[in-house]
Amino acid sequence: MELLLFRHEEFDKLYGCDGFNSDKIPLEERTNIVNGCILITLFFVFELLYIPCIVSIYKKMDGNACYKLMFFIGILDMLNMFVNALATGILGIIGAVYCDYPLLIYTTGALVLSLWVAQTSAEMLLAINRCIGLLRPQLAHAIFSGNKLRCLFALPICYGFAVAMFTETPLFSCPPLVYLLLNKRIRNDCANFGRAIFRFLRKDNNSVPNGPIVLARMAPNYAGNNANNRNTNNNNVLQQC
C-alpha cells in the first residue's frame with residue numbers, strides 16, 4: 001500500500017495498466033459464474049452461522065482472555081470473508097481482471113492480506129494462552145489480563161497493518177478466480193530455475209545423489225544471471241495473469 005500512497009511513480013511502473021486492453025480476452029473466457037455464485041452463497045451461509053457464535057462468545061468473554069481472543073478472531077474472520085468470498089465471487093461473475101478495477105482490486109487485496117495475517121497471529125496468541133493456561137494458570141492470568149491483554153491485541157493489528165503497507169499485494173484476476181501476486185517476474189524466475197535444475201540433472205546423472213549441494217551451488221549463479229538480464233531490460237514488468 002505504501003507504493004500507492006507515497007510512491008506513485010513506482011506504483012505505476014509495477015502495477016500500471018498502460019497498453020493493456022482487457023477486451024482482448026473474450027468476456028465468456030473471463031467469467032466464472034458457477035464458482036462466483038458458490039462463493040457468494042457460502043459467504044451468506046457462513047456469516048449467518050457466525051452471528052450466533054459471536055453473540056454467544058461475547059456474553060461469556062467478561063474477564064476471560066480466551067473468549068476475548070476468540071471474539072477478536074471471529075470478527076476478523078467475518079471481515080475477511082467480505083473480500084475472499086463476497087468480493088471475489090462478484091468479480092468472478094462479472095469476469096473482472098485487475099486492469100478493469102485496479103484501485104479497488106489493489107486495496108481489497110491489501111485488506112484481505114492484512115486481515116488474514118492479523119487473524120492467524122491472533123490464533124497463535126490463543127494457542128499460547130491455552131497452553132500456558134493448562135500448565136500455569138496463574139501465569140496465564142498474569143499475562144493475559146488487563147492492559148497487558150490490550151497490548152497483546154495490538155500486536156496482530158500492527159503486524160497486519162505493516163504487512164499490508166510494506167509487502168507485495170495479492171491481486172484478483174480471472175479466470176483462475178484467486179488472488180495472485182501480480183509480479184509475474186518472480187514466478188517466471190522460479191519456473192525457469194526449476195527447468196534449469198531439471199536440465200542440469202539430466203545431463204549429469206552423477207549429480208543426483210548430491211542434489212542439495214547442486215542446488216546450493218546453482219542458485220546464486222542463476223540469481224545473478226537473472227538480475228543482470230533484468231537490468232538490461234527496462235520493460236514494464238506488468239503481465240496480466
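Bear in mind the structure is a predicted one, so any value in this text is a computation, not a measurement.

(A) How the structure looks around the overall build of the protein chain. Regarding its fold elements, the protein chain presents 10 helices and two strands. Listing the helices and strands of the protein chain from first to last along the sequence gives α-α-α-α-α-α-α-α-β-β-α-α. Counting the 241 residues in the protein chain, one finds 37% classified as buried. Of the contacts made within the protein chain by residues no fewer than 6 positions apart, 75% connect residues no fewer than 24 positions apart. When the accessible surface of the protein chain is split by element, carbon and sulfur atoms take 64% of a total near 14800 Å².

(B) Spotlight on the environment of Asp18. Examined against the element boundaries, Asp18 turns out to sit in the loop between helix 2 (8-15) and helix 3 (27-30). In this structure Asp18 comes out as exposed when scored by relative accessible area, which is 77%. Residues Asp18 and Cys99, 81 residues apart in the sequence, show an inter-C-alpha distance of 9.1 Å.

(C) Expanded view of the nonpolar core. The biggest cluster of nonpolar side chains holds 15 residues, and the ones touching the most others in it are Leu69, Phe72, Leu76, Leu126, Phe144, Leu149 and Phe153. Counting only elements with at least two residues in this core, the list comes to helix 5 (65-94), helix 6 (102-135) and helix 8 (146-166). Broken down by element, the residue count for this core peaks at six residues, all from helix 5. Ranked by size, the runner-up nonpolar core spans 14 residues in total, among them Tyr98, Cys99, Ala110 and Leu171.

(D) How the structure looks around the side chain of Asn129. With respect to the element layout, Asn129 can be found in helix 6. Take Asn129: its relative accessible area is 3%, and that puts it in the buried class. When neighbours within four sequence positions are excluded, Asn129 is seen to be in contact with Ala65, Cys66, Leu69, Ala140 and Phe144.

(E) Inspection of the UniProt feature "transmembrane region" (unreviewed entry) in the protein chain at higher detail. Per the UniProt record, "transmembrane region" (unreviewed entry) is annotated on residues 33-57, 69-98 and 104-128. Between the C-alpha atoms that bound residues 33-57 the distance is 36 Å, and the span itself is 100% helix and 0% strand. In the segment residues 104-128, helix accounts for 100% and strand for 0%; the C-alpha atoms at its two ends are 36 Å apart.

(F) Seen up close, the packing of aromatic side chains. The final tally for this structure, using the stated rule, is four aromatic pairs. Relative to Phe71, the ring of Tyr58 has its centre 5.6 Å away and its plane inclined at 45 degrees; by these criteria the two rings are tilted. Taken together, the residues span a long stretch of sequence, with Tyr58 in helix 4 (residues 33-60) and Phe71 in helix 5 at a distance of 13 residues. Judged by centre distance (5.0 Å) and plane angle (65 degrees), the ring pair of Phe72 and Phe153 falls under edge-to-face. Of this pair, Phe72 sits in helix 5 while Phe153 sits in helix 8, and the two are 81 residues apart along the sequence. Across this residue pair, the class does not change: Phe72 and Phe153 are buried. Among the aromatic residues, those joined into a cluster by ring pairs are Phe43, Phe44 and Phe82.

(G) Region of interest: the layout of surface pockets. Computed from the structure, the second largest pocket encloses a volume of approximately 280 Å³. What lines the second largest pocket is a set of 17 residues, among which Gly63, Asn64, Ala65, Phe144 and Ser145 lie closest to the centre. Listed by contribution, the elements that provide at least two residues to the lining of the second largest pocket are helix 5, helix 6, helix 7 (137-143) and helix 8. No other element matches helix 8, which puts four residues into the lining of the second largest pocket. Class assignment for the residues of the lining of the second largest pocket results in seven nonpolar, seven polar and three charged.

(H) Highlighting a negative patch on the surface. On the surface, Glu9, Glu10, Asp12 and Asp18 cluster together into a patch of negative charge. Relative to the assigned elements, Asp12 resides in helix 2. The class of Asp12 is partly exposed, set by a relative accessible area of 46%.

(I) Structural view of the packing of helix 6 against helix 8. Remark: helix 6 packs on helix 8, axes separated minimally by 8 Å, with the N-to-C direction vectors making an angle of 150 degrees. Here helix 8 runs roughly antiparallel to helix 6, going by the angle between their axes. Two packed elements cross with a definite hand, and for helix 6 against helix 8 that hand is right-handed. On the side of helix 6, the interface is formed by Ala110, Leu113, Ser114, Val117, Ala118, Ser121, Ala122 and Leu125, while helix 8 contributes Leu152, Pro156, Tyr159, Gly160, Phe161, Val163 and Ala164.

(J) Structural context of the packing of helix 4 against helix 5. Across the interface, helix 4 lies against helix 5 with an axial gap of 9 Å and an inter-helix angle of 165 degrees. Considered as vectors, helix 4 and helix 5 are oriented roughly antiparallel to each other. Helix 4 and helix 5 meet at a crossing whose hand is left-handed. Residues that form the contact of helix 4 with helix 5 fall into these classes: 22 nonpolar, six polar and three charged.

Parameters and conventions
Residues numbered from 1 in each chain as written. Predicted model: local features only at pLDDT ≥ 70, side-chain atom pairs only at ≥ 80, totals over all residues. Heavy atoms only, no water. Helix = DSSP H or I, 4+ residues; strand = E, 2+ residues; numbered from the N terminus. Buried < 20%, exposed > 50% of the residue type's maximum accessible area, 1.4 Å probe, protein only. Contact = heavy atoms within 4.5 Å. Areas by Shrake-Rupley, 256 points an atom, 1.4 Å probe, with all protein chains shown as cover. Core = buried A, V, L, I, M, F, W, Y, C linked by side-chain atoms within 4.5 Å. UniProt positions renumbered as here; feature names shortened; annotations may be inferred. Phe/Tyr/Trp six-rings, centres within 6.5 Å; stacked < 30°, edge-to-face > 60°. 1 Å grid on protein atoms, 1.4 Å probe; cavity = no way out; pocket = protein on both sides within 12 Å on 5 of 7 lines; lining within 4 Å. Points joined across faces, edges and corners; volume = space filled by probe spheres on them. Nonpolar A, V, L, I, M, F, W, Y, C, P; charged D, E, K, R; others polar. Patch = residues over 30% accessible without salt bridge, like charges linked within 9 Å, V, L, I, M, F, W, Y side chains within 5 Å. Salt bridge = Lys/Arg side-chain N within 4 Å of Asp/Glu carboxyl O. Lys, Arg positive; Asp, Glu negative; His and termini not counted. Charge placed at Lys NZ, Arg CZ, Asp CG, Glu CD. Axes fitted to C-alpha atoms, helices over the stretch in contact; angles between N-to-C directions. Parallel < 35°, antiparallel > 145°, perpendicular 65-115°, else oblique. Left-handed = near helix turned anticlockwise from the far one by under 90°.

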